[in-house]
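# Overview (structure and organization)
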Amino acid sequence: MRFSAADKLALRYSELMATDPDAIDAAFFDELRKYYSEEEIVELGLFIGFNLGYHTFFGTLKFYPLFSPNGRLLTQAESEKIYGPAPGSLQPSEPAK
Amino acid sequence: MTYVAPLPKETISDPELSELMGRGEALGVPDDLFPRIAARSPDLAKPFMRALLMSHAEGNVDHRLKEVIRILLARFAGDKYFAALRSRKARDMGLTEERIEAGCNDYEDSALFTEAEKCALRYADQMYLDANKVDAAFYNELKKHFSEAQIMELGAFIAFHYGMQMFMRSLGAAAPQGAR
């Protein structure tokens, strides 16, 4: 999948909110406005914040992926056998500076 | 001023959002800034405001404890806006600034908190500092003091409020004038 400049900026917003929120400044929002409306920017920000908070919480609950690599619905025990004791969903994210 | 300007209050005509905004202002958390910014995304503003209010002011975990946790998290998130707000309900229930400061700093050694409260504070403290420490043993410790429903209430509250605090930090939101 190729990412457009707009996609990349949205991904960067997500990455910076989690790892380096001080790097998000007025100039960054001016850049966002080249591709997104104010409504879309707020939607993105709320969505990113929501996911930032919840995925760490879910990670502590030891959720395993619901589907096998070929798309079969799995129980948590089956999923642990496939993905091992520490699947990507449980890897800690870098805390904010 | 935040990087995305809040909508003027008088332009928010949705009665449900207005009612939620009024509830936030009555509680003190959030004041009108958060919903006026969220209102730019009308589809998300109402469910997000409802979740923010319900997770904080309702449920079966002591609201005063959740208020201390909320402020601890806001300080960790570096969010000056939510960190400066105070719940009037918690204050009316007897929560003091002394207790808030103790909860945000040396709660482990403080005589002001029970073991259950310390465990809940540790849950919030470790969640975004070192989530690896929030493991099966940690949940077993929580279960000594809280029901599974209360643990999920605490976890979801922590996750949602931290996420919204990081959102407001990303917008450069400052502490409201005259807060507290």
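It should be emphasised that the depicted structure is a prediction, and the values quoted were computed from it without experimental measurement.

This brings us to the overall build of chain A. Broken down by element type, chain A carries 4 helices and 0 strands. Moving toward the C terminus, one meets the helices and strands of chain A in the order α-α-α-α. When each of the 97 residues of chain A is scored for burial, the buried share is 19%. Look at the contacts in chain A between residues 6 or more apart in sequence, and 53% of them connect residues 24 or more apart.

Further remarks concern the overall build of chain B. Each helix and strand counted, chain B has 10 helices and 0 strands in total. Going from the N terminus to the C terminus, chain B shows its helices and strands as α-α-α-α-α-α-α-α-α-α. Over its C-alpha atoms chain B spans a radius of gyration of 16 Å, differing by no more than 12% from the 16 Å that the globule rule assigns to 180 residues. Looking at chain B as a whole, 42% of its 180 residues are labelled buried. Pairs at least 24 residues apart make up 73% of the contacts formed inside chain B by residues separated by at least 6 positions.

Residue and element names in this part refer to chain B. Here helix α4 (residues 63-77) crosses helix α10 (residues 148-170) at 40 degrees, and the two axes come no closer than 9 Å. As judged from the angle between their axes, α4 and α10 are oblique. By crossing handedness, the relation of α4 to α10 is classed as right-handed. Packed against α4, whose contacting residues are K66, I69, R70, L73, A74 and A77, the element α10 presents F157, I158, H161, Y162, Q165, M166 and R169 at the interface. In terms of residue class, the contact of α4 with α10 is made up of 8 nonpolar, 2 polar and 3 charged.

With 27 residues of chain B in contact, the opposing surface of chain A contributes 24 residues. Every element with two or more residues in the side of chain B that touches chain A is listed here: α2 (33-38), α3 (42-57) and α10 of chain B. With 11 residues, α10 of chain B is the largest single contributor of residues to the side of chain B that touches chain A. In terms of residue class, the side of chain B that touches chain A is built from 19 nonpolar, 6 polar and 2 charged.

Moving on, we get to the environment of S110 of chain B. Residues and elements named next belong to chain B. Among the structural elements, S110 can be located in the loop between α7 (97-104) and α8 (115-127). Here S110 falls in the partly exposed class, since 15 other C-beta atoms lie within 10 Å of it. In this structure the C-alpha to C-alpha distance between S110 and K133, which are 23 residues apart in sequence, comes to 21 Å.

Membership of the largest hydrophobic core comes to 64 residues, with the highest contact counts inside it found for A38, I69, L73, Y123, A124, I158 and M168 of chain B. Broken down by element, this core gets its largest block of residues, 10 residues, from α10 of chain B. Residues in contact with I158 of chain B, not counting those within four places in the same chain, are F57 of chain A together with I69, L73, Y123, A124 and M127 of chain B.

What follows concerns helix α1 (residues 5-19) of chain A. For α1 of chain A, which comprises 15 residues, the first-to-last C-alpha distance of 21 Å matches the rise-based estimate of 21 Å (1.5 Å per residue) to within 8%. Y13, M17 and A18 of chain A are the residues of α1 of chain A that are buried. All buried residues of α1 of chain A lie within an arc of 125 degrees about the axis, which places them on one face of the element. Residues of α1 of chain A that are exposed and point more than 90 degrees away from the buried face comprise A5, K8 and L11 of chain A. Elements in contact with the buried residues of α1 of chain A: α2 (26-33) and α3 (38-60) of chain A together with α10 of chain B.

About the criteria used
- Residues numbered from 1 in each chain as written.
- Chains lettered and ligands numbered in written order.
- Predicted model: local features only at pLDDT ≥ 70, side-chain atom pairs only at ≥ 80, totals over all residues.
- Helix = DSSP H or I, 4+ residues; strand = E, 2+ residues; numbered from the N terminus.
- Buried ≥ 20, exposed ≤ 12 C-beta atoms within 10 Å, placed from the backbone.
- Contact = placed C-beta atoms within 7 Å.
- Rg over C-alpha atoms; globule rule 2.2 N^0.38 Å.
- Axes fitted to C-alpha atoms, helices over the stretch in contact; angles between N-to-C directions.
- Parallel < 35°, antiparallel > 145°, perpendicular 65-115°, else oblique.
- Left-handed = near helix turned anticlockwise from the far one by under 90°.
- Nonpolar A, V, L, I, M, F, W, Y, C, P; charged D, E, K, R; others polar.
- Core = buried A, V, L, I, M, F, W, Y, C linked by C-beta atoms within 7 Å.
- Expected span 1.5 Å × (residues − 1).
- Arc of directions from axis to C-beta.

Note that every value here comes from positions in space, so none of it alone points to a role or purpose.
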